[in-house]
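Spelled out from the first residue to the last, the chains are:
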Amino acid sequence: MKRNYMNPYIAGTLLGLVLLLAMYLSGRGLGASGGLKYCVVSIVGAVNSDHALTSEYYSKYFEGGQNPLKNWLPIEVLGILAGGFISGAFSRRLKLKIEKSPNISNAKRLIFAFLGGVFFVYGAQLARGCTSGAALSGMAVLSVAGFVTMIAIFGSAFIFAWFFRKNWI
Amino acid sequence: MGPISSVPGFPEWLDLTIAFLIGVGFGFALEQAGFSSSRKLAGMFYGYDTTVIKVFFTAAIVALVGSQFMSYFGLLDLSKVFVNEYYVKASIVGGVIMGAGFIMGGFCPGTGLSALSIGKIDAMVFFIGGLTGAFLFAESFPFIQNLANDSYKGPVKINEIMGLSTGVFTLILIVVAIAMFWVAEIAEKKFARPDITSQL
């Protein structure tokens with residue numbers, strides 16, 4: 001039997017305590033999209049090291065022969081996968097499936113999932129953080145960037161929601 | 001006094017172990033909140049499920065209030081905690097692009113990772129899209145670096161530009177959050193849909 005999700009205010013408190021712990025132990029907030037960036041930098045370095053070492057963007061991650069994956073963010077992302085898995089196992093939600101509205105096909109769901117990933121992480125690189133690194137962690141340290149990014153993300157999603165309503169309801 | 005890792009000679013292996021454990025807590029909290037479900041997340045933007053705003057603002061306020069108490073009691077030096085740097089145009093344009101990605105994909109990067117970890121195939125595809133997005137950004141960086149670096153303001157704090165003390169601003173934010181939770185509860189009743197939890 002699957003367990004219900006946690007009460008949102010309790011889950012929020014738990015999430016806030018994890019963020020507080022990150023600030024206390026490491027002097028930084030939580031992150032997600034940054035970890036994906038390090039993965040890409042590492043893949044490009046492995047596939048085409050000439051390009052990686054001559055490009056202004058990639059080369060700074062290889063200075064002094066360092067490994068881009070040996071950084072706080074990509075390791076934290078590995079932890080997210082482990083933590084999500086533990087929670088899923090604990091609450092009996094581990095299952096391979098495509099989650100979607102019954103009104104759309106699997107193919108449509110997956111195409112939009114792909115596009116959503118492209119847009120989200122592209123925007124996150126530009127804004128120097130996503131919902132976790134810029135919006136949530138930024139708000140917790142009262143940074144203007146955090147509040148502006150949070151309003152831009154949620155405001156934009158509310159506006160675009162009308163165009164994509166058939167995908168969800 | 002924190003941050004612990006700012007102590008001179010703090011070993012790298014311990015810093016990375018902490019990173020992993022923080023990630024475990026983060027992924028666990030996201031999954032327990034129900035953020036491994038794109039239909040729950042997207043519900044925020046149609047009013048039928050407002051878990052996102054409740055979890056998000058509760059977490060921000062717990063960390064904000066907690067860090068201020070720790071600072072007050074001399075446990076945490078807030079001047080050594082990273083404050084996001086503000087690039088006006090990049091924050092706004094980046095945020096708008098992220099919002100579009102949110103409603104298309106149904107995840108943000110962190111929630112996508114938590115969904116991927118419990119076997120959601122759509123989240124795996126979202127993750128591949130995310131890697132593609134990071135790659136496209138890296139390759140297009142020479143063309144958009146002017147936008148990315150324009151109107152730099154530094155690590156400015158919102159209470160400072162409003163001329164308020166940290167405590168007063170935090171109190172206002174708590175009041176605003178409670179008002180939003182109240183509106184969220186009303187919205188969930190008004191836009192209620194049959195419970196889909198069993199399908200997730």
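Placed above this text is the structure.
Quick caveat: nothing in here was measured; it's all calculated off a predicted structure. (Residues numbered from 1 in each chain as written. Chains lettered and ligands numbered in written order. Predicted model: local features only at pLDDT ≥ 70, side-chain atom pairs only at ≥ 80, totals over all residues. Heavy atoms only, no water.)

(A) Expanded view of the interface of chain A and chain B. Taken together, the 117 residues of chain A in the interface contact 127 residues of chain B. With both chains or domains summed, chain A and chain B bury close to 10,900 Å², and 75% of this area falls on carbon and sulfur atoms. When residues of chain A are sorted by the area they lose upon contact with chain B, A:Y5, A:E99 and A:W168 head the list and together hold 8% of the total. Taken together, chain A and chain B are joined by four salt bridges. The closest approach of N and O atoms between A:K70 and B:E12, which form a salt bridge, is 3.6 Å. There are 41 residue pairs in polar contact (both at pLDDT 80 or more) connecting chain A and chain B. (Contact = heavy atoms within 4.5 Å. Buried area = accessible area lost by both parts, 1.4 Å probe. Salt bridge = Lys/Arg side-chain N within 4 Å of Asp/Glu carboxyl O. Polar contact = N/O pair within 3.5 Å; in protein donor to acceptor, adjacent residues only side chain to side chain.)

(B) Examining the side chain of A:E76 more closely. Its place among the elements puts A:E76 in helix 5 (residues 72-90). At 7.1 Å, A:R28 is the nearest oppositely charged side chain to A:E76, a buried residue that forms no salt bridge. A distance of 3.3 Å separates the side chain of A:E76 from the backbone nitrogen of A:G31, its partner in a polar contact. Apart from residues no more than four positions distant in its own chain, A:E76 is found in contact with A:L30, A:G31, B:A19, B:I22, B:G23 and B:F26. (Helix = DSSP H or I, 4+ residues; strand = E, 2+ residues; numbered from the N terminus. Buried < 20%, exposed > 50% of the residue type's maximum accessible area, 1.4 Å probe, protein only. Lys, Arg positive; Asp, Glu negative; His and termini not counted.)

(C) Inspection of the pattern of salt bridges at higher detail. Scanning all chains against the criterion turns up eight salt bridges over all chains. Among the ionic pairs, B:E31 bridges to A:R93, the shortest N-O distance being 2.9 Å. Within this pair, whereas B:E31 is found in helix 1 (residues 12-33), its partner A:R93 is found in the loop between helix 5 and helix 6 (106-127), the two belonging to separate chains. Its relative accessible area of 0% is what places B:E31 among the buried residues. For A:R93, a relative accessible area of 8% gives the class buried. When salt bridges that share partners are traced, they join B:K54, B:E185 and B:E188 into one network.

(D) Focus on the layout of surface pockets. The computed volume of the largest pocket comes to approximately 790 Å³. Taken together, 37 residues form the lining of the largest pocket, with A:K37, A:L73, A:R128, A:G129 and B:F82 sitting closest to its centre. Elements that contribute at least two residues to the lining of the largest pocket include exactly helix 1 (8-26), helix 2 (33-47), helix 5, helix 6, helix 7 (131-140) and helix 8 (144-161) of chain A together with helix 6 (121-149) of chain B. Here the lining of the largest pocket is built from residues that sort into 20 nonpolar, 12 polar and five charged. (1 Å grid on protein atoms, 1.4 Å probe; cavity = no way out; pocket = protein on both sides within 12 Å on 5 of 7 lines; lining within 4 Å. Points joined across faces, edges and corners; volume = space filled by probe spheres on them. Nonpolar A, V, L, I, M, F, W, Y, C, P; charged D, E, K, R; others polar.)

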